[in-house]
Amino acid sequence: MGFVLPFKISPCNLSNYSPLKLTIQKNSFKGKEEIESKSQLKSFRNITLLQMQQKSESSLGKNDWLQSFFSTQAEKEEGELGKWKKVSKNVLNNTPIPSDKDESWRLTPLSKLFEMNFSKIDFSDLPSLPEKFLIQTAPFRAVYINGVFSEESSNFKNLPENVFIGSLKDFDENKKEEILDLLSKGESGIDGGFFPLLNMSCLQDILVISIPEGAVILDSIHVIFAGFSEKKTVNFNPRLVILAGTSSVSKIIEHHVSIGDAHYFDNSATTVLLEKNSKLDFTFLNEVSENSSQISSIHVNEQKGSFFNFKSLSFGGFLSRISLGIDMNGIGSSCKVNGLTVAKETQISDFHSRISHNFPRCQSSQLQKNLITGKAQGIFAGKIQVQHGAFETESDQLSKTLLLSSKAKIDALPILEINNENVKCTHGSTVSDLDENQIFYFQSRGITQEKARYLLTIGFVEEIIKGLPDQLLKRVSGFINSFL
């Protein structure tokens, strides 16, 4: 007699039975029914073994990926960095590789990333940075190509007094300990999970930007991490530390780009410390090629009265992710977080954030906008935390998405965790397509449908992209035009 089993059989179930007879107890039967079918039992076992084999092969593939990753790294680093590399690698060995079983990665498919097989970088023939990536209003520039500092493309001329931009090795010996202490904290530190640990395990150098107390720098500092690989797939792990001194004012752009149609994995980590009453405008821009992947882990430590103005624009990579953590560790600190994600074809673009109000009278505002088309997937997971004792907190969070095709997908998860009274907190999420009535209105005024869609889309993102340098603004507008 044949019927469908009402439960799943695992290897431990089968071990208790004879290979010739399987007795099954079913609630729907008054008695026991016996299956004396050798072939049926064999089929059950084959299915179970196949599932176990597939799981094993998947795990083995990720371990092979990790082995491939480390096989391309330089020789052991000595000194302080060598110690941190050793510690982080030991922690990494006990850290599971991300999968859909992990809460923070369950919405982000990583299979294509783990298919990458890496080769060593040939440092003998690295190109110069194309001029199209330079920003005229950002005269101070630090350029890294495949993780290596490019003196030819960088520019530190006329740098304001006591401002430091350079390698940790050349930084003030008395302040190095402060830099290294920051490596243990937040989303970009040892506790940040698999990818920041991977970054730290491969440390060769740290780019340090130090703004002295009271300095006011009106021109932007432009940090460019460029990737280049004509034939092989490579990886690099840049790390940036920003120190904004007491009452300082500064602007920094972290820019990830590709030279040509490159194939690589850019695994970056950034740590920011804002001292008392400092202000930092920080723009993060991802323009890597669609054959590459870019994952960034960013942590910000805000002290009393400081202001962090963050803007992210993500266009590139078959897989991109920003993991941003902001700890407001002083009374009256504040932050503004605006982001734009644009994904097309089969791109996956992910923005995870955590803003933690740890002290009283802190304020935060977050606006995330997403443009998704083709078969692309966008992910937004934003968590606002209000800790015990953080009274008079004010926080708002909003995610808005335009889905421009029937197969586009967005997962939006705005989250509030409030552990205190006397707070003002709001959050929300909207998903829509372009308004057909608005398109019709434009057409009735003699504007083509294509132009109408462009104008409506630019209007949707305008509050995110306004204030960008003209060269970036033109490139973003051109990208959106081609996107439509």
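Residues numbered from 1 in each chain as written. Predicted model: local features only at pLDDT ≥ 70, side-chain atom pairs only at ≥ 80, totals over all residues. Heavy atoms only, no water.

### So, the overall build of the chain
The helix and strand tally for the chain stands at eight helices and 22 strands. Taken across its 484 residues, the chain has 52% of its residues classed as buried. Here the analysis covers contacts within the chain between residues at least 6 apart in sequence; of these, 82% occur between residues at least 24 apart. Accessible surface for the chain amounts to roughly 23100 Å². Of this, 49% is attributable to carbon and sulfur atoms. (Helix = DSSP H or I, 4+ residues; strand = E, 2+ residues; numbered from the N terminus. Buried < 20%, exposed > 50% of the residue type's maximum accessible area, 1.4 Å probe, protein only. Contact = heavy atoms within 4.5 Å. Areas by Shrake-Rupley, 256 points an atom, 1.4 Å probe, with all protein chains shown as cover.)

### What about the packing of aromatic side chains?
Evaluated as defined, the whole model comprises 21 aromatic pairs. Judged by centre distance (5.7 Å) and plane angle (85 degrees), the rings of Phe-69 and Phe-118 are edge-to-face. Highlighted residues: Phe-69 in helix H2 (residues 38–71) and Phe-118 in the loop between helix H3 (79–93) and strand S3 (140–145), separated in sequence by 49 residues. Residue Phe-69 shares its accessibility class with Phe-118, and that shared class is buried. Among the aromatic residues, ring-to-ring pairing joins Trp-65, Phe-69, Phe-70, Trp-105, Phe-114, Phe-118, Phe-194, Phe-195 and Phe-265 into one connected group. Lying over the aromatic face of Phe-70, Lys-89 brings its terminal NZ or CZ to 4.2 Å of the ring centre. Above the plane of the ring of Phe-460 lies Lys-369, whose end atom (NZ or CZ) is 4.7 Å from the centre. (Phe/Tyr/Trp six-rings, centres within 6.5 Å; stacked < 30°, edge-to-face > 60°. Lys NZ or Arg CZ within 6 Å of the ring centre and 35° of its normal.)

### Quick look at the sheet that holds strand S10 (residues 249–258)
What the ten strands build is an open sheet, ordered S4-S3-S7-S10-S12-S14-S16-S18-S20-S22; its pairing is mixed. Pairing within the sheet leaves two strands with one partner each, and these edge strands are strand S4 (148–149) and strand S22 (424–432). In this sheet, strand S14 (residues 307–314) lies alongside strand S12 (residues 279–287) in parallel orientation, the contact comprising eight bridges. Directly across from Asp-281, in S14, lies its bridge partner Asn-309. (Pairing = 2+ DSSP bridges.)

### Overview of the nonpolar core
Core analysis: the biggest nonpolar cluster contains 41 residues, and Trp-65, Leu-113, Phe-195, Leu-198 and Phe-265 have the highest contact counts within it. For this core, the secondary structure elements donating two or more residues are H2, H3, helix H4 (176–182), helix H5 (194–201), strand S9 (239–244) and strand S11 (264–274). Excluding residues within four positions of it along the chain, Leu-113 makes contact with Trp-65, Phe-195, Phe-265, Ser-293, Ile-295, Phe-318 and Leu-319. Formed by 37 residues, the second largest nonpolar core is a distinct cluster that contains Tyr-144, Phe-225, Met-328 and Cys-335. (Core = buried A, V, L, I, M, F, W, Y, C linked by side-chain atoms within 4.5 Å.)

### Concerning the packing of helix H6 (residues 436–444) against helix H7 (residues 449–465)
At a minimum axis distance of 9 Å, the contact between H6 and H7 shows a crossing angle of 125 degrees. One way to sum up the angle between H6 and H7 is to call them oblique. Note that H6 runs across H7; the crossing there is right-handed. Listed contacts from H7 to Gln-438, Ile-439, Phe-442 and Gln-443 of H6 are Gln-449, Ala-452, Arg-453, Leu-455 and Leu-456. Residue composition of the contact of H6 with H7, by class: five nonpolar, three polar and one charged. (Axes fitted to C-alpha atoms, helices over the stretch in contact; angles between N-to-C directions. Parallel < 35°, antiparallel > 145°, perpendicular 65-115°, else oblique. Left-handed = near helix turned anticlockwise from the far one by under 90°. Nonpolar A, V, L, I, M, F, W, Y, C, P; charged D, E, K, R; others polar.)

### Here we look at the packing of H7 against helix H8 (residues 470–483)
Contact geometry for H7 and H8: axes closest at 11 Å, N-to-C directions at 145 degrees. Crossing geometry of H7 relative to H8 is assigned as right-handed. Contacts between H7 and H8 pair Tyr-454, Thr-457, Ile-458, Val-461 and Ile-465 from the former with Leu-473, Val-476, Ser-477, Ile-480 and Asn-481 from the latter. Tallied by class, the residues present in the contact of H7 with H8 amount to seven nonpolar, three polar and no charged.

### A word on the pattern of salt bridges
Tallied over the entire structure, the rule returns eleven salt bridges. Residue Glu-187 is joined to Arg-354 by a salt bridge in which the shortest nitrogen-to-oxygen separation is 2.8 Å. Residue Glu-187 is found in the loop between H4 and H5, and its partner Arg-354 is found in strand S17 (residues 348–357); the two are separated by 167 residues along the sequence. Of the two residues examined, Glu-187 and Arg-354, each falls in the buried class. Here Lys-409 ties to Asp-411 by a salt bridge, and the two come within 4.0 Å at their closest N and O atoms. When its relative accessible area of 17% is taken as the criterion, Asp-411 is described as buried. Several salt bridges share partner residues, and in doing so they unite Glu-187, Asp-327 and Arg-354 into one network. (Salt bridge = Lys/Arg side-chain N within 4 Å of Asp/Glu carboxyl O.)

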